[in-house]
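Structural features, examined
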Amino acid sequence: MDDVELLVDLHSNASRLGPGGEAETRLAITLSGLGGRQSLKIADIGCGTGASAITLAKSLDAHITAVDLFPAFLEELERRAKAGGVSEKITAVSASMDALTFEPSSFDAMWSEGAIYNVGFENGIREWRRFLKPGGILAVSEMTWLTSERPDELDHHWSGAYPEVDTASAKMALLETHGYVPLGYFALPEYCWLDNYYRPLQERFGAFLEKHDHAPAAKSLVEAEQSEIDLYERHAAFVSYGFYVARKLAD
Ligand SMILES: C[S@@+](CC[C@H](N)C(=O)[O-])C[C@H]1O[C@@H](n2cnc3c(N)ncnc32)[C@H](O)[C@@H]1O
């Protein structure tokens, strides 16, 4: 297996592939004002194994188009959607988020939790806007500095790994620049990282290493994940995913 296949294998049975939580998806739904509306069309971009798509399907009168690059994640999403009784409300689509071919103005909401960084926040909010109906909702979570200053070690790591990491005020300004009205923002609490994502991931390390006979590539993947966890635990006060909910302004 190459490095990408190993990464997919480490994550493919997980219920979530990044920091987040069901209560936090529901809070974003509340901020969006989508509750109570009928026959919504929502795209969940970078849906992974369905953490947010399944919560959206359970919470709203909506059909969810769930998009991810990796079929293995979509297979797990379909299994979980069936178990949750919402498979009729979700269509899984294997596609790249930088080459979406949806009809213009076709969605009531573009949702994306912990995934827009793959195309960059500014590029994603600009490119995905055209798929929203006028007044449609953008709801994305994105790596965010919680303070204006932070430890050098943390700054250095994330500025290298994801140069677009910035404060919430800077992200809000980008939303305003690109034709959205910010409706709400909150930062994911620590349990969304530790209890919901990192601890279950750590529990999979042992079986993953055994399955791959402790191959060097598997070991270095686990070490890289552990080092990111250690960094987060040292500096949780300074960084999180911010959840941004915004409404598309008419053109
Ligand atoms: C951090 S995970 C978040 C997954 C999911 N939203 C969740 O919260 O569990 C990022 C997701 O983006 C997907 N992804 C990465 N690059 C992509 C691309 N170019 N197009 C579509 N999906 C992509 C990954 O496969 C992965 O499922």
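All of the points below concern the structure found in this document. (Residues numbered from 1 in each chain as written. Predicted model: local features only at pLDDT ≥ 70, side-chain atom pairs only at ≥ 80, totals over all residues. Heavy atoms only, no water.)

**A short note on empty space enclosed by the protein**
- For the structure shown, the criterion picks out 1 cavity of 30 Å³ or more.
- Lining the largest cavity we find Met-143, Leu-154, Trp-158, Trp-193, Tyr-198, Glu-228, Leu-231, Tyr-232 and Val-239.
- Of the residues forming the lining of the largest cavity, the biggest block, 3 residues, is contributed by helix 9 (residues 216–234).
- Tallied by class, residues from the lining of the largest cavity come to 8 nonpolar, no polar and 1 charged. (1 Å grid on protein atoms, 1.4 Å probe; cavity = no way out; pocket = protein on both sides within 12 Å on 5 of 7 lines; lining within 4 Å. Points joined across faces, edges and corners; volume = space filled by probe spheres on them. Helix = DSSP H or I, 4+ residues; strand = E, 2+ residues; numbered from the N terminus. Nonpolar A, V, L, I, M, F, W, Y, C, P; charged D, E, K, R; others polar.)

**A few points about the site of the ligand**
- In the vicinity of the ligand, 17 residues are found, and the nearest of them are Leu-17, Gly-46, Asp-68, Met-97 and Glu-113.
- At a separation of 2.6 Å, an oxygen atom of the ligand approaches a polar side-chain atom of Asp-68.
- Burial of the ligand by the protein chains amounts to 90% of its free accessible area of 590 Å².
- Here the ligand is seated within the largest pocket.
- A breakdown of the residues in the shell around the ligand according to their chemical character gives 8 nonpolar, 6 polar and 3 charged. (Near = heavy atom within 4 Å. Polar contact = N/O pair within 3.5 Å; in protein donor to acceptor, adjacent residues only side chain to side chain. Areas by Shrake-Rupley, 256 points an atom, 1.4 Å probe, with all protein chains shown as cover. Sits in = over half its atoms within 2 Å of the grid points.)

**Focus: the nonpolar core**
- Core analysis: the biggest nonpolar cluster contains 78 residues, and Ile-42, Ile-45, Ile-90, Met-110, Trp-111, Phe-121 and Trp-128 have the highest contact counts within it.
- The dominant element in this core, judged by the number of residues it contributes, is helix 8 (residues 190–211), at 9 residues.
- With near-sequence residues (within four places) excluded, Met-110 lies in contact with Ala-43, Ile-45, Trp-128, Phe-131, Leu-132, Ile-137, Leu-138 and Ala-139. (Core = buried A, V, L, I, M, F, W, Y, C linked by side-chain atoms within 4.5 Å. Buried < 20%, exposed > 50% of the residue type's maximum accessible area, 1.4 Å probe, protein only. Contact = heavy atoms within 4.5 Å.)

**Concerning the pairing of strand 3 (residues 90–94)**
- Where strand 2 (residues 62–68) lies against strand 3, 5 bridges are found, and the strand directions are parallel. The residue bridging Ala-66 from the neighbouring strand is Ala-92, located in strand 3.
- Running through helix 4 (residues 71–83), the crossover from strand 2 to the neighbouring parallel element strand 3 is right-handed. (Pairing = 2+ DSSP bridges. Right-handed = clockwise from strand over helix to strand, strands pointing away.)

**Side note on the pattern of salt bridges**
- With the rule as written, the count across this model stands at 12 salt bridges.
- Note that Asp-108 is salt-bridged to Lys-133, the shortest N-O span being 3.2 Å. Of this pair, Asp-108 sits in strand 4 (residues 107–113) while Lys-133 sits in strand 5 (residues 132–145), and the two are 25 residues apart along the sequence.
- Notably, a salt bridge pairs Arg-199 with Glu-233, separated by 2.6 Å at the nearest N-O pair. A residue pair is termed long-range when its members are at least 10 positions apart, and Arg-199 in helix 8 and Glu-233 in helix 9 qualify at 34 residues. (Salt bridge = Lys/Arg side-chain N within 4 Å of Asp/Glu carboxyl O.)

**Re helix 9**
- Counted at 1.5 Å a residue, the expected span for helix 9 with its 19 residues is 27 Å, and the 27 Å between its end C-alpha atoms agrees.
- Buried residues along helix 9 sit against helix 1 (3–11), helix 6 (152–161), helix 8 and strand 8 (239–248). (Expected span 1.5 Å × (residues − 1).)

**Notes on the state of the cysteines**
- By the definition in use, this model includes 0 disulfides.
- In this model Cys-47 remains outside any disulfide bridge; the closest cysteine sulfur is found in Cys-192, 19 Å from its own. (Disulfide = S-S within 2.5 Å.)

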